Each structure stands twice: as C-alpha cells, then as structure tokens.
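This is what each chain is made of:
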Amino acid sequence: MTQKNNSKNPLHGLWALTNRELKKWYKNPYLFILSIIQPLIWMGLFGRAMNISAIFSQNPITIQPIPGIDPSVIDRINQAILNASTQIMEKTFGTSDYFSYMSVGIISFVTLFTAMFSGMSIVWDRRLGFLNKVLSTPVARGSILMSKVFNAVIRSIIQAAIVLGFAFALGLTVGPDFTVFNLLGVFAAVFLIGMGLSSIFIAIAIRSTRWETQMAVMNLLNLPLLFASNALFPTDLMPAWLQPFTKINPITYSTDATRQLILYTINTQQLMFDFLFLGVFAAVFSTMGIVLSWRHLSR
Amino acid sequence: MTSDALTVNGLTKVFNKNLVAVDHVSFNVKEGEIFGFLGPNGAGKTTTINMLITVLKPNEGNATVCGFDIAKQPSEVRSCIGVVPQEYTADEDLTGLENIILCADLYGIPREVSKKRAEELLELVEMTKFKDKQVATYSGGMRRRLELACGLINRPHVFFLDEPTLGLDVQTRIATWNYIKLLKKEYSMTIFMTTHYLEEADMLCDRVAIIDHGKIITVGAPEELKEALGGDIMTLSIKDGTIDISPVIQKVTRVKEVKKQDGSYRIKLEDGEETAPTIIDAVRAAGHNVTRLSLTKPTLDEVYLEYTGRSLREEEESRDAMFRQRVTMHRAREGGH
C-alpha cells in the first residue's frame, strides 16, 4: 500500500516542475523562435534605428571659412568639434557607439518581459486545474513558485546569450576590460534580476484567477520600469524628479553591471554595489514569494 | 490506523464570508469501499473533495484521511492519496508518459521505480500505444485514462475521483467505469468519488451520500436507499374499470399501498417479482381478469429526486469553476483535435 519511497528532499519536484515549463518552450519550435526573434527585433530597431551616433557623425557641424582667418586654423577647429562630438557620446553613454550601449540594455529588457509572463502561467495553471492537482501532491509549496522563477531565469539567460551573440555579430564594441569570463558575471546579473522580477510578478498573480488582471498589471509596470532605468538612456540626464525612481529600479543596476562587464572600464566599487543591490533584491523578493506561496496557494 | 479510510466531522467551508459551500458535513468511509458523493452541480461536492485533498482549508470541523488529520498533517495526507480532478490537468504539450513521470516526480518517486510503474499503469489503462504522443492529440476518454494512471503513480491508499466521466459519451463512460473497477481490483484501495450521474453511482459505489446545498441529506448503499423509498411499483389494469378492487389487492401480504388512478392500480409492494403472482392470483380469485401489468424497480433517480426536489436550479458557481468545467467538456468532446 502506501510505500515509504518518497524522498525527504524538500527540493523534490522543483526540477520536475521547472522542466515542465521549459519543455513547453523548447519543444514548441514556433514559440521558441518567436521568443528569441522578439528581442533581436528590438535590438535591431532600437539599437540601429535610433542611431544616436549618427546625429554627430552624419551631420557634422563645421565652421565655414572666415575671411582673415587662416584656413588651417578653421580646419583644426572643425577637427576639435568632431572630437568633441565623440566625447559627448562617450560622456553620455560611456561608449561612442549607441548600438553597443543599447544592445546591452536589451538584455535587461528581455529579462523583464520573460519575468512578466511567468506570472501569467500561474494564473493559467490555476484556471485549468493543474495547480490544484499539484497542490494535492506532497511537493513543497515553495517549489511550485520557485519552479516558475527558475523557468523565467533559465529562459532569460539563454535569451541573453543569444542577444549577446547577435550583438557581437552586428558589431558590438567591447570595453578594454572585457574577457570571456565577464560573461559569467553578465549571466549572474541576469540570474539575480530575473529571480527578483519574476518573484514579484508571480507573487502578484498567486491568488489571481483572472488573466485580464495580470495583463493590466503587466501593462502598467513594463514601460515605466524600462524607461525609468538606464536601459535605453542614461539616468544622469533624466529630470530630477525621476532620478529617485531610477535609483531604486533594479533594472538600472542589472544594466549597469552588464555594461561595466562588457563595454566599460570596470569600476570595481560600482560593480560590487550593483551586485549587492541585485543580490538583496533577488533574496528579498524570492523569500517574499515563498512566504506568500505558503500562505496563499491553498485557500 | 483506524479501520475507516476517511472520517469527516462537521466539515464546513464558507466562501467570501457568506456563501456556505459545505455545511457541517460528517461521514465515514470504510477501508476498501467505493464511496460516492452524489448531488447536483454546485451542491458542494468538489469543495468537499478539495478540503479532503488539502487544497482548500476548512473553516470549521475536521477530517482524517488514512488516519492523518487534513489540517495538522497535510504532507502525510498528500503522500497517501491519489487525485483525479474534474478537469483534464495533464499538460497538453507533453506526451502521456512525460505527464506520468512528472506526477511521479512530484511525489519524489525515484526514476527507476516510476518508470516501471508508469509502464504498468499505461498497460492497465491500455494507453501504451499512445504514450509517446502529445496529450493535445488525445480524445476525452484517453485523457481520462491518462489522468487515472497519473493519480495512481504513488500507489495511493485512498483514491479521489472528482466527476470521473464528466463530458464523456456513453460508450467511453462505461469503458471508464470498467477501468476504475479494474484498477480498484488491482490495487485494492479505497475510492472516494463525486458524480452527478446517478447510474454511475448505482453502478460503481458501495455506498453513496446524497448532498445538496452543502448538506448531506442521506447516506446508504444504493439498494438501501431505493428500498427506503418504499419498494417496487406495480401498475395493474383489469377488464372492468368501473369497480374498485383495491381492498382485494390490499389484503395480499407485502403490499404496502394501493391507489386507483384513471382505471388502473398503482401498487407499492416489497419483493415485486415474488409478490406480483400472488396479486394476480388474488385478483383472479375475486373473479376479474388482469389485462395489463407492469413492474418497475425504483431507480436511484427516484431516490435522488425524492431528496433533492425536482425544481430547476439557479447555478451558483464561481466563474473559475464554470470556466474549468467548460474547458473539460470541450476537451472531452473534441476527441483528439
């Protein structure tokens, strides 16, 4: 009859549930390709279409010859203006190439969107009755939530790798401190930001039975989170009232960490702070999610 | 462990502070029994099952499953039960086998054990041929069989079936009953099931409880409940419709009640098959010829209607439950795509 073969490992079932979610993704070629094409389109559109570098390089401001001044002086002034425009780019974006700046920002963007949809899947599991079935098994309540979190995190890391691969192919210029090992740091940042963000979205969805509500929450949060960060534009240049939001927006920190690792000369102190912030963010919200799942998964 | 697989005492669930879905329900299910919860939609059947499988928390009362308290020892309860929900919960994107293995993993069953059991269960429900096909391609009956197999992967002591044949056609429904009987025989477990199909309860259950508006109205074996209605019904006509021979019939032993209606007699009697000839003899002896005769055994339908009334119901179910039921019916009927 009832056999004592059930393992006492509290993590049992966690991987099974995570793998179920991942299988839905990688076993469905259309979904898989679409979810990879989407960030690439964003990268191509934003990174290449919003060609901020071209503002300076294609519309050079030049001083016309002035009678009485030596033309060679004018040439030198024109050269200086050109150099200044490169400096403006570097001062603003940390790199003279907006495409590089932008394509690294896309990594955070991809993670944000993947995290948002992980909240949707728990709503569907509840509506289709799958959640009740899982709840009737001895699997740890926290594992049910964490499987969705890990699914989002693993998807984000794979998408980030693909985005980066394409960015390199399309001419991303790496910074002086870049080595292949920095990529591990990039994935660590994606892991932490993905963990925190998806915990938030799943926690919001944990009692919800309406996917409409979840969609509304997603629409409300996604653009503000994205634009009030440094993913697309430097926060220093944003208005003063917006700055405090950018300072608490975790996307600012994950983007800064990935830019430091790939594009910039690494500021160790700043990088450490980025990871500290992301680590605390991930720990706080995943713990909150687990506690909520103990309390609210069963009603 | 007690000899009862399930003991339920005053179990109560109130939704949104005022909707009493289950109202102080008490009953026991004996070891090895098939116990049916019979009632109309929205009577509280699924809510009761959800409390017993530890998915819903009761507001009042308590219950034990396999001797474990559902509120205090939920993990122990979960390990000893198997559940087949009303909905088709198998993941459509995975294959049948992958779904069973997923269930096994949720119970922490080691892979070498679960693989063997999965094959064995698939064989029993005759799904071996389709095990590597995506569930999205399955018919309603196949999905139901897969759910049965998934629910048994941990060799449960008590098996919960919520509306096991909802939305299935008659052939598939009968086939599903046979699978349930077969599995019960193979694994000798206690089964608790809900249904609103009367013939299902009559066919499968050792005992049924009729539940309505969250309360248990009566409990007993289907036969007992039918007999409690007052036995069999015989209708009889004689050639001469103008005279009343009720007193003659009434004198026959085991006749309980005689009514003359529109020229025929409606007789309530015990042991219909044996009493009927005696009645005919008595009528003949009184000098009349029987022209027409019918004997009906009471069905569970009549028991059910006797207790739950005949009026149509305004359904009061949650939006969520209605949605799930619609999905289930739809999937059951689409028969593979």
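Residues numbered from 1 in each chain as written. Chains lettered and ligands numbered in written order. Predicted model: local features only at pLDDT ≥ 70, side-chain atom pairs only at ≥ 80, totals over all residues.

### A look at the overall build of chain B
Phase 1: Along the backbone of chain B there are 12 helices and 14 strands.
Phase 2: If you line up chain B on its principal axes, its C-alpha atoms span 80 × 45 × 40 Å.
Phase 3: The burial tally for chain B puts 45% of its 337 residues in the buried class.
Phase 4: Once local pairs closer than 6 in sequence are excluded, the contacts in chain B between residues at least 24 apart make up 73%. (Helix = DSSP H or I, 4+ residues; strand = E, 2+ residues; numbered from the N terminus. Buried ≥ 20, exposed ≤ 12 C-beta atoms within 10 Å, placed from the backbone. Contact = placed C-beta atoms within 7 Å.)

### Details of the nonpolar core
Phase 1: Counting 154 residues, the largest nonpolar core has V65(B), I100(B), A149(B), I153(B), V158(B) and F160(B) as its most contacted members.
Phase 2: At 16 residues, the largest contribution of residues to this core is made by helix α5 (residues 98-128) of chain A.
Phase 3: Apart from the residues within four sequence positions on either side, A149(B) is in contact with I100(B), L121(B), L122(B), V125(B) and M127(B).
Phase 4: Among the nonpolar cores identified, the runner-up in size contains 10 residues, and M234(B), I238(B), I267(B) and L269(B) belong to it. (Core = buried A, V, L, I, M, F, W, Y, C linked by C-beta atoms within 7 Å.)

### Quick word on the confidence of the model for chain A
Phase 1: The predicted model of chain A averages 87 in pLDDT, with 96% of residues at 70 or higher.
Phase 2: Every residue in residues 1-7 of chain A scores below 50 in pLDDT, and together they form 18 contacts with partners more than four places removed in sequence or on other chains. (pLDDT = per-residue confidence, 0-100.)

### Some points on the sheet that holds strand β11 (residues 232-238) of chain B
Residue and element names in this part refer to chain B.
Phase 1: The sheet built from 4 strands is open, its strands ordered β12-β13-β11-β14 with antiparallel pairing. The open sheet is flanked by β12 (255-261) and β14 (290-296), the only strands paired with a single partner. Adjacent strand axes in the sheet meet at a mean angle of 20°, parallel and antiparallel pairs treated alike.
Phase 2: Two elements, β11 and strand β13 (residues 264-269), share 6 bridges in a ladder whose sense is antiparallel. Each bridged residue has a counterpart across the sheet, and for D232 the counterpart in β13 is L269. (Pairing = 2+ DSSP bridges. Axes fitted to C-alpha atoms, helices over the stretch in contact; angles between N-to-C directions.)

### Here we look at the domain arrangement of chain B
Phase 1: Under the domain assignment, chain B is made up of domain 1 (4-225 + 312-334) and domain 2 (230-297).
Phase 2: For domain 1 of chain B versus domain 2 of chain B, the separation of C-alpha centres amounts to 45 Å. (Domains from an automatic or database assignment.)

### Section: the confidence of the model for chain B
Any segment with low pLDDT has predicted coordinates that should not be analysed in fine detail.
Phase 1: Taken as a whole, chain B shows an average pLDDT of 87; of its residues, 94% reach a score of 70 or greater.
Phase 2: For this predicted complex, the interface score ipTM comes out at 0.80, alongside a pTM of 0.82.

### Comments concerning the sheet that holds strand β6 (residues 81-84) of chain B
Residue and element names in this part refer to chain B.
Phase 1: In space, the 6 strands of this open sheet follow the order β6-β7-β8-β3-β9-β10, with mixed pairing throughout. Every interior strand has two partners, whereas the edge strands, β6 and β10 (215-220), have only one. When strand polarity is set aside, the average angle formed by the axes of neighbouring strands in this sheet is 15°.
Phase 2: Alignment of strand β7 (residues 158-162) against strand β8 (residues 190-195), held across 5 bridges, turns out to be parallel. Its bridge partner lying in β8, F160 is registered against F192.

### Some words on unusual backbone geometry
Residues and elements named next belong to chain B.
Phase 1: Although it is not a glycine, R155 sits at a positive phi angle of roughly 50°.
Phase 2: Non-glycine residue D271 carries a positive phi angle of around 45°.
Phase 3: Within the secondary structure layout, D271 lies in the loop between β13 and α10 (272-285).
Phase 4: Classification of D271 by C-beta neighbours within 10 Å gives exposed; the count is 10.

### Some details on the packing of helix α11 (residues 250-262) of chain A against helix α12 (residues 268-296) of chain A
Residue and element names in this part refer to chain A.
Phase 1: Their axes nearest at 9 Å, the elements α11 and α12 cross at an angle of 140°. Between α11 and α12, the angle falls in the class oblique. For the pair α11 and α12, the crossing hand works out as left-handed. Contact residues: α11 offers P250, Y253, S254, D256, A257 and Q260, while α12 offers Q270, L271, D274, F275, F277, L278 and F281. (Parallel < 35°, antiparallel > 145°, perpendicular 65-115°, else oblique. Left-handed = near helix turned anticlockwise from the far one by under 90°.)

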